[in-house]
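# Report on the structure
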Amino acid sequence: MSMQQLYLLIALSPLAGAIVVGLWGAKLGRAASHWICILGVAVSFVGSGFVLRDVLAGNAFNGDIYVWMTSGNVKFAIGFLIDPLTALMMVVVTFVSLMVHIYTVGYMADDPGYTRFFSYISLFTFSMLMLVMANNFLQLFFGWEAVGLVSYLLIGFWFTRPTAIYANLKAFLANRVGDFGFVLGIGLIVAFFGSLDYATVFGAAPKLATTVLDVGAGAPWPLLTAICIALFVGAMGKSAQVPLHVWLPDSMEGPTPISALIHAATMVTAGIFMVARMSPLFELSDTALSFVTVIGATTALFMALLGVVQNDIKRVIAYSTLSQLGYMTVALGVSAYPAAIFHLMTHAFFKALLFLGAGSVIIALHHEQDLRKMGGLRRYMPVTYATMWVGALALAGIPPFAGFFSKDAIIEAVQLSSVGGHGYAQFAVTAVVFLTALYTFRMLFLAFHGEERFGHSETAHIDDDSAKQLHEEPGHEEHAHGAAPRESPWVITVPLVLLAIPSLYSGWAYIDTVLFGNYFGGSIAIAAQHGGLATMREEWHGAVPFIEHGLLGLPFWLAAAGIATAWLLYIKRPDLPAKIQARTGALYALLINNYYIDRFNDWLLAGGFRRIGALFSDVGDRSIIDGFFVNGSARLVGATSALLRKVQSGYVYHYAFTMIIGVFALLTWWVGR
Amino acid sequence: MLQLYFPVLLFILVGIGLGLIMLALGSLVSPNRPDPEKLSPYECGFEAFEDARMKFDVRYYLIAILFILFDLEIAFLFPWAVVLPEIGIFGFWSMMIFLAILIVGFIYEWKKGALEWE
Amino acid sequence: MPSVATLAFDYVPALPEIVLLVSACAVLMIDLFVPEPRRHVSYWLTLLSVAATASAILYVFHNTPVRTFGNMFVADAFGDVLNFLTCLTVILMLVYSRGYLAARGLFRGETFVLAMFALLGMMVMISANHFLTLYLGLELMSLSLYALVALHRESGTAVEAAMKYFVLGALASGLLLYGMSMIYGATGTLEINRVTTIIFGGHANRTILIFGLVFVVSAIAFKLGAVPYHMWVPDVYQGAPTAITLFIGTAPEFAAFAFMTRMLVGSLAAVAFDWQGMLIVLSLLSMIVGNVIAISQSNVKRMLAYSAIANMGFMLMGFLAANVNGYSAAMFYVVTYVMSSLAGFGLVLLLSRAGFEAENLDDFKGLNQRSPWYAFLMLLAMFSLAGVPPTVGFYAKFAVIEAAVDVGLVWLAVVAVLASLIGAFYYVRIVKLMYFDDPVDKAPLAARSDMQVLLSLNGLSLLFFGIFPQQLMGMCVVALTRSY
């Protein structure tokens, strides 16, 4: 089998699974459905492994598989660009996806939408692979929208819940804002480069570095800055950067495997991947890089703060995802693209692990998500407990777990950077280390340590949304509430263990290759003046000295302090948090309400725009556009139509006469001239 | 030059003579019992002098169309027969195929009952 | 005087036509002896004959043009591709219309045999290399079609439609013969490929030639149903039994396209500048008039008739570019238009049953509730006719518009886009009725399984070729470049 066929097989086997199960899932039954989907993704995973090996051997591929159509110089094609960046993403995506597929067998066992769910996640895997394997902007956009579509479908998977529908709509709207920027960016590229092909565009980019886009208002914009910022706005939507982050916490309404796969490990990192892929463009615009840095730093810091006060176990992890995405974005901003991708990879492993672990807890507690109603679970769920520890240590950045390496590399890259806003970014990423450790261990301690608070919470159901979930969750009514939680079945624990392994070792094992070993080669471009990463490479002496160096650095001690604080507040003195909360009422209210961003959005955007919209709708749309242009032209067409219809009299001599007139008209014109 | 037309003259004379002999034999030998129907001029089964815009029996058309059809097709046989020595076996089979198609049509109309008046 | 030796022709290039003629005669004979309850024997024999013809086309497929019967007949890639597609269309038409015909007492040997003779006429037209062969094929096709339209004798509208079709068709034939004789007068030959050489050689009287051209173009426009020669189309489409409408609306489009290509490209390429202008007028009028009038139709068959007129306008827009790109775009357009309208009419047939014609827009209301799959197929057909991506109709419209833009006719392309916007309205209206309205008629939909399978494949092919149009387009380009 040629490599080209292998690429196709990798992309298409999840699609085949999705189609078969989507169309005939009900007839095939549950077992056959999940086997088909798992097989499809397993084939992709194994294939991706081969591709990675092939890429490591120095091979690359860039070509069109199928040209849909060409218009002038613009070509609409399906093509693959297989290089180290793609291969790495392929392995990460298919691995996490495979784990989630297996996990779903256990997690969704009682759900009536079982086969539909499998069809969706296989479809997602296909779309994500198309996105990362694209060699042109059109396919990138297709994958971009397709993963978005599946994401919406899955957030609203339990479509009978009003909250799920609300979250669904919110995700849709926030992503539309981002996609607008993205489309604008692609449009500018087509307009000025005349091509949708990565290679062509990247090749022509330096020549257009000085082109200026006159947008009127006397303030000309450098073209590439405009393109990069527009593209990054797309990334902000997909990767949930401030202020378009609002949809991600709400997306936790979807089933937990989805939170792990789509809203933590893969889809939300599409923005990061896209910016890294576009590095030849971003490197030519310092303005855009500064913008990226500032947005990333803001996201990292402010979202981490929110993580500290959440009581829903999934929301804690969701805010941590936002914060970690901020890290990756900062890394992109300071031109440390390999560091961003490296963090993307390690994060995918440990964040999927944490989500799946949280899901395991949620299942064990019959869909209880409130941390205040957990505690002491370590005795009942040893495997989940142990693997959650691995995930937490990796997220907090304790050596030698994976997160330490990728996070420290980013912090160091920020220190060495000189891009605009790097001072702010440096403060933010350092402070976040403390916060990360704090909220991670807060969650861990609340869930697994301390006194057991589950099982006698029936009376507290009234004010809490968990009650609603408990009762509306299809298929769970038969469970007796309050029974002692049990460890989850093997289909759930095996993926946890398999994800814990890379969370443990992938940092020190791969930092050498990925970050400093010129792994990415030509797939990522870094301009000479943005040499932070190059400096780090010169000072690089291997993983062990890196740990030693890290142990002396501020971030490590901040992380340790965070863990200690968590221990103090939630194990040693569990009475303290309530007191602190009482003292800092205003701050707490600010945080628990997500800085009132949602309310602001509802008030200004939803409310204000609705009012403006109503105005435009009444005056502009209904009377002028609709009344005059649309209905007017429709009426005109309708009237013409009715008139012309009369010509069709039904009399054969009228018809013959028309034909003769036609002949005469043509004769007069062509013979007579 | 003129003697070249002698066969034509002969043909005309023989033709007229033959016609006269036949008519004379007919009137002499056959029984002669005239009635109004027999004496009226014959024109395709219709009254000779009346309004032209009248109803025709549709079966008449069927027969007439079929007649014209076969009549016209048979007309092709004459030129064919004249040049048959020159177009040879190829020409022969061409006409056979032509007639075969014609026969297909004939069988069809026969079997469909188009030739039966009632 | 040709010698005897040259009269022994090469029959192999005409093998498909011969197979069809022999089997049509055979079916006619066999049907006479088939008792009424076993009418399906004739039906299956007809399908078998057309399938055998299609296989014969593949068997003799010509990569380089072969001329035979004293240069009256040509077999080339262009003809073979179109012949094959025509056969395929007839097979689909027979399968789709079986239930409809049976419910109306039209499931008779005559229907099948007339369809086969019409097909033979089309194939002769497609393979013509001589004006008279072309005319012969045209008449064989037309006469069979007139008879097919009138087949439903009890239906007044059908007989009326047949009369109109016949009278106007006779007029068009007259125009064609007149035009052909003018061209003969100007060039002294009736052989299609020799006309070209003579005109290029400068031995033709230009005025007479253009005079003939106008008449020939008029006749072509009549067959295609281009404005202002379109008046027969709505009346015939509406009046004929739907199964016959399906036939008239599909297979003859291939023949008409071949007719146009053989005449204008094969023999009159030298005056391309003149016919280009005429086709611009026809194309422009067809696109506008077709789409605009279609809006005010409440009868689906009539609406599809105007849609046919408009679509032929689009096809002409590609053709009038007068280069290989344009011709292949037009050919692609015809192929995809036939595919789409087969699916569309197929669904109209499916919704009809004994004593009930599903020909009003309201009959499509709530189809999604009655059968989501058929509603989806109809949606594909409508989207394809409207040119909505990712159906094949989009690519077809795109290709013809691009061909027009390439030769500098940007204004025409703009009109085309506006016209297709207007057109989108009435196609999407059907989609709206199917998905957002409640059904008026709740009778269950029944179809034979062979029809279900073929109709589904037909509908899905609209999607498939929309995503993968290159092979189909490649086929059109190859067929044309290997023949012209």
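All of these numbers come straight from a predicted model, not from anything done at the bench. Sequence order as written defines residue numbering, which begins from 1 separately in each chain. In the order they appear in the text, chains get letters beginning with A and ligands get numbers beginning with 1. In view of the model being predicted, local features appear only for residues whose pLDDT reaches at least 70, and side-chain atom pairs are presented and counted only at 80 or more, with totals across whole chains, interfaces and linings using the full set of residues.

Secondary structure assignment for chain C yields 20 helices and two strands. Note on method: radius of gyration uses C-alpha positions; expected globular size equals 2.2 Å times residues raised to 0.38. Its C-alpha atoms give chain C a radius of gyration of 22 Å, near enough to 23 Å, the size a compact globule of 484 residues would have. With the C-alpha coordinates of chain C rotated into their principal frame, the extents come out at 70 × 60 × 40 Å. Residues counted as buried form 61% of the 484 residues belonging to chain C. Working definition of a contact: two residues with C-beta atoms, positioned from the backbone, lying within 7 Å. Put simply, 78% of the contacts in chain C that link residues at least 6 apart link residues at least 24 apart. Strands are runs of DSSP state E lasting at least two residues, helices are runs of H or I lasting at least four, and both sets are numbered from the N terminus onward. Put simply, a residue is buried when 20 or more other C-beta atoms lie within 10 Å of its own C-beta and exposed when 12 or fewer do; between those, it is partly exposed, and each C-beta is set from the backbone.

This part takes up the interface of chain B and chain C. On the side of chain C, seven residues touch chain B, which itself brings eight residues to the contact. Here the term charged refers only to Asp, Glu, Lys and Arg, the term nonpolar to Ala, Val, Leu, Ile, Met, Phe, Trp, Tyr, Cys and Pro, and the term polar to all other amino acids, Gly among them. Split by residue class, the side of chain B that touches chain C holds six nonpolar, one polar and one charged.

Moving on, we come to the nonpolar core. Definition of nonpolar core: a set of buried Ala, Val, Leu, Ile, Met, Phe, Trp, Tyr and Cys residues joined via C-beta atoms within 7 Å. Residues A:Met133, A:Phe232, A:Ala331, A:Ala340, A:Ala352, A:Ile410 and A:Val429 are the most contacted members of the largest nonpolar core, which totals 214 residues. No other element matches the 20 residues that helix H15 (residues 337–364) of chain A contributes to this core. If you look at the next biggest cluster of nonpolar residues, it comprises 206 residues, including C:Ile220, C:Phe332, C:Ala375 and C:Phe383.

Bringing unusual backbone geometry into the picture now. With an omega dihedral of 5 degrees, the bond running from A:Val242 to A:Pro243 counts as a cis peptide bond. Assignment of secondary structure puts A:Pro243 in the loop between helix H8 (223–238) and helix H9 (247–250). In this structure, C:Pro228 follows C:Val227 across a cis peptide bond, with omega equal to 5 degrees. Summarising the element assignment, C:Pro228 is placed in the loop between helix H9 (206–224) and helix H10 (232–239). At A:Ser335, a position not held by glycine, the phi torsion is positive, near 65 degrees. Structurally, A:Ser335 is set in the loop between helix H14 (313–333) and H15.

Here the focus is H9(C). Residues and elements named next belong to chain C. In this model, H9 (19 residues) spans 26 Å end to end at C-alpha, consistent with the 27 Å of a helix rising 1.5 Å per residue. With 16 of 19 residues buried, H9 lies mostly within the body of the structure. Phi turns positive, to about 80 degrees, at Gly225, one or two residues after H9. By definition here, a helix of n residues has an expected span of 1.5 Å times n minus one.

What follows covers the confidence of the model for chain B. Here chain B averages 84 in pLDDT, and 91% of its residues register 70 or above. Taken element by element, chain B is modelled with least confidence in helix H2 (residues 36–39) of chain B, mean pLDDT 76, and with most confidence in helix H1 (residues 6–29) of chain B, mean pLDDT 92. Predictor confidence is given residue by residue as pLDDT, running from a minimum of 0 to a maximum of 100.

With that settled, the discussion passes to the environment of C:Ala51. Residue position: C:Ala51 is located in helix H3 (residues 40–59). Each C-alpha atom, one on C:Ala51 and one on C:Thr197, is 38 Å from the other, the two residues being 146 residues apart in sequence.

On to the interface of chain C and chain A, then. Tallying the contact residues gives 33 residues for chain C and 25 residues for chain A. For the side of chain C that touches chain A, the secondary structure elements donating two or more residues are helix H7 (156–187), H9, H10, helix H12 (272–295) and helix H17 (392–406) of chain C. A total of eight residues in the side of chain C that touches chain A trace back to one element, the largest contributor, which is H9(C). Partitioned by chemical class, the residues of the side of chain C that touches chain A number 25 nonpolar, four polar and four charged.

Here A:Tyr166 shows up in helix H6 (residues 162–193). For A:Tyr166 and A:Met278, which are 112 residues apart along the polypeptide, the C-alpha to C-alpha distance reads 33 Å.

Let's shift gears to helix H3 (residues 84–107) of chain A. Taking 1.5 Å as the rise per residue, H3(A) with 24 residues should run 34 Å; its terminal C-alpha atoms sit 34 Å apart, in good agreement. Most of H3(A) is tucked away, with 23 of its 24 residues classed as buried.

Let us look at the confidence of the model for chain C. Residues and elements named next belong to chain C. This prediction gives chain C a mean pLDDT of 91; 99% of its residues lie at or above 70. When pLDDT is averaged over each helix and strand of chain C, the minimum, 52, is found for helix H1 (residues 4–7) and the maximum, 96, for helix H5 (residues 109–126). Throughout residues 1–5 the model reports pLDDT below 50, and contacts reaching past four residues in sequence, or to other chains, amount to four contacts. Overall fold confidence (pTM) sits at 0.74, and the ipTM for the predicted complex is 0.86.

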